[in-house]
Amino acid sequence: MTLSQPPTGAPTATVPRPARTFGPTMFVLVGLGVQAVTTYATLILSGRILGAAEFGGLAALYVLVSSVATGLFQPLEQEVARRRGHEWGTGRSDRTLLRRALVFGLCLCAAVVAVALVLNGPAIRLLGQHPQLLAAFCVALPGYALCFVTRGSFSGSRRLRHYGLQLSVEGVFRLIGLGVLFVVGVQTPAAYGWLFGLAPWVALALSAGGVRGDRAAPDAAVDTEPRPLVAPLVLLLVSALAAQLLIGAGPVVAKLFAASDDQARTGAFLAALVVVRLPVFLFTAVQPSMLPAMAAHTQAGRKVAFRSLLMKVLAAMGALAILTTVITAALGPWSLKLLFGPDYVLSTQVFLLMGVSVGLFMTSGVLGQAVLALGKHGAVTLGWLAGIVGLAVGTAIAHDALYKATMGLLIGAAASTATFTVLLATAFHRWRPTAG
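Predicted model, so just to flag it, every value in this text is computed and none were measured. Going along each chain's sequence as written, the residues are numbered from 1 onward. In view of the model being predicted, local features appear only for residues whose pLDDT reaches at least 70, and side-chain atom pairs are presented and counted only at 80 or more, with totals across whole chains, interfaces and linings using the full set of residues. Heavy atoms throughout the structure, all of them, feed into the side-chain values; hydrogens and water do not.

## Looking at the overall build of the chain
Worth spelling out the cut-off: In DSSP terms, a helix is any run of H or I states spanning at least four residues, a strand is any run of E spanning at least two, and both are numbered starting from the N terminus. Note on classification: 1.4 Å probe, protein chains only; a residue is buried when its accessible area is under 20% of the maximum for its type, exposed when over 50%, partly exposed between these limits. Only heavy atoms enter the contact rule, under which two residues are in contact if any of them lie within 4.5 Å. Surface exposure here means Shrake-Rupley accessible area, sampled with a 1.4 Å probe, where a residue is shielded only by the protein chains that are shown.
When helices and strands are counted, the chain shows 14 helices and 2 strands. The proportion of buried residues among the 436 residues of the chain is 53%. Considering only contacts in the chain between residues 6 or more positions apart, those separated by 24 or more positions represent 81%. About 18,400 Å² of surface is accessible on the chain, with carbon and sulfur atoms providing 71% of the total.

Structure, rendered in structure tokens:
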């Protein structure tokens, strides 16, 4: 969802109305698509070039970098975007916001890098006995801290073209770099690992122009009393880690509880997740414009506009979830065999439960963003922690490994959705709008 910019000299309390749903958001969607395709291509080609034995360390580096960076730094993006969205309503801009967010992110980097270096023995073993892959991880992490903060700036200031550009450059750099290294005869995990270490820095360098003059509105006045940042970011950090645990626990649970004669079904389950979770990928493209838009309506007291935007996003994501659930339940077992081979067999019932659970997780995500736009950071944390409780309950009540993984996400997402619904309804009841 995007907002058209107010004319120069507009009253500070005026918040522009949402413009087209698709438009600037498409820049993010394209960027995510390019990033995903080029990343998978890089990993697949690297696996073929290096062979299974040498590829393990590189794959571990990718999982480690992407998981740690997203878990630690996505809250920075969300809070910067939310505050910039609020500033569209106040007409006052916090010029220290990016600097303070960067300091927080780099402090997190320093802590993680320090732990990685202290535990360098186990870390290097995890990375296939390649010390340079650990060095690449340590170099990549601060780059991603900067990237996520700038994405928050792009989102809040409605420069989504730069947001999409940053995502695209990151993936394209790795793929082109792999091709160049292969042509010149370099075929080592260490060399390929540095592509992942340097990618965020290259992406940042080519997209950082969009941060110039960062503020909510071109005529925004300076806010001389910036609001505290550390406490909200800590709450969002807990929320992000809980949400990642909820959506990512399935494969670990399936592998952990799978019997020795159930490895084929487990492999099929993991392959099916790639297809069933497509709506989550598409929802990610909507978030950068949705959060600052809702935050702007919150600050200006536009309760009706806020509710309208929320219902549009829920309707769009709900329709997408229903469509993909029906399609995957109907065609999933057949397409799984077609794409991965005849050994990958999974029942329609499992596909249906997976589809419903992903739909509930997306609903939780939308409602959680709405609660965050209202400035209720503690409530966001509560909602995702409720999901973790549901995850534990769902895992405990099921007996089959695949159903443990499926029911964990299903009940966990349902618990988060219910909690966020109650919290949002309570906040709406107490909201006294100042404008439509």
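Moving on from the model shown.
## Focus: unusual backbone geometry
The phi dihedral of Gln 129 is positive, around 65°, even though this residue is not glycine. Here Gln 129 shows up in the loop between α4 (120-126) and α5 (131-156).

## Describing the confidence of the model for the chain
Operational definition: Per-residue confidence from the prediction method is given by pLDDT, with values spanning 0 to 100.
With 82% of its residues at a pLDDT of 70 or more, the chain has an overall mean of 82. Looking over the chain, one finds the lowest element-wise mean pLDDT in strand β2 (residues 221-222), namely 56, and the highest in helix α13 (residues 377-397), namely 95. Across residues 1-22, confidence stays below pLDDT 50; counting only partners more than four residues off in sequence or on other chains, it has 57 contacts.

## Some remarks on the packing of helix α8 (residues 230-257) against helix α14 (residues 401-430)
The condition is simple: Inter-axis angles, ranging from 0 to 180 degrees, are taken between N-to-C directions of lines fitted to C-alpha atoms, where helices are fitted over the stretch in contact. With respect to orientation, any angle under 35 degrees is reported as roughly parallel, any angle over 145 as roughly antiparallel, any angle of 65 to 115 as roughly perpendicular, and every other angle as oblique. Here a crossing is taken to be left-handed if its near helix is turned anticlockwise relative to the far helix by less than a right angle, and right-handed if that turn runs clockwise. Under the grouping applied here, Gly and all other residues not named as nonpolar or charged are polar, the nonpolar ones being Ala, Val, Leu, Ile, Met, Phe, Trp, Tyr, Cys and Pro and the charged ones Asp, Glu, Lys and Arg.
It is the contact of α8 with α14, at a shortest axis distance of 7 Å, that shows an interaxial angle of 160°. One way to sum up the angle between α8 and α14 is to call them roughly antiparallel. The two elements α8 and α14 cross, and the hand of that crossing is right-handed. Contacts between α8 and α14 pair Leu 246, Ile 247, Gly 250, Val 253, Ala 254 and Phe 257 from the former with Ala 401, Leu 402, Lys 404, Ala 405, Gly 408, Leu 409, Gly 412, Ala 413 and Ser 416 from the latter. Its residues placed into classes, the contact of α8 with α14 shows 10 nonpolar, 4 polar and 1 charged.

## Brief notes about the packing of α5 against helix α6 (residues 160-183)
With their axes 7 Å apart at the nearest point, α5 and α6 run at an angle of 150° to one another. By the angle between their axes, α5 is roughly antiparallel relative to α6. Every residue of α6 that contacts α5 at Tyr 144, Cys 147, Thr 150, Arg 151, Phe 154 and Ser 155 is listed here: Leu 160, His 162, Tyr 163, Gln 166, Leu 167, Glu 170 and Arg 174. Per-class residue counts for the contact of α5 with α6 are 6 nonpolar, 4 polar and 3 charged.

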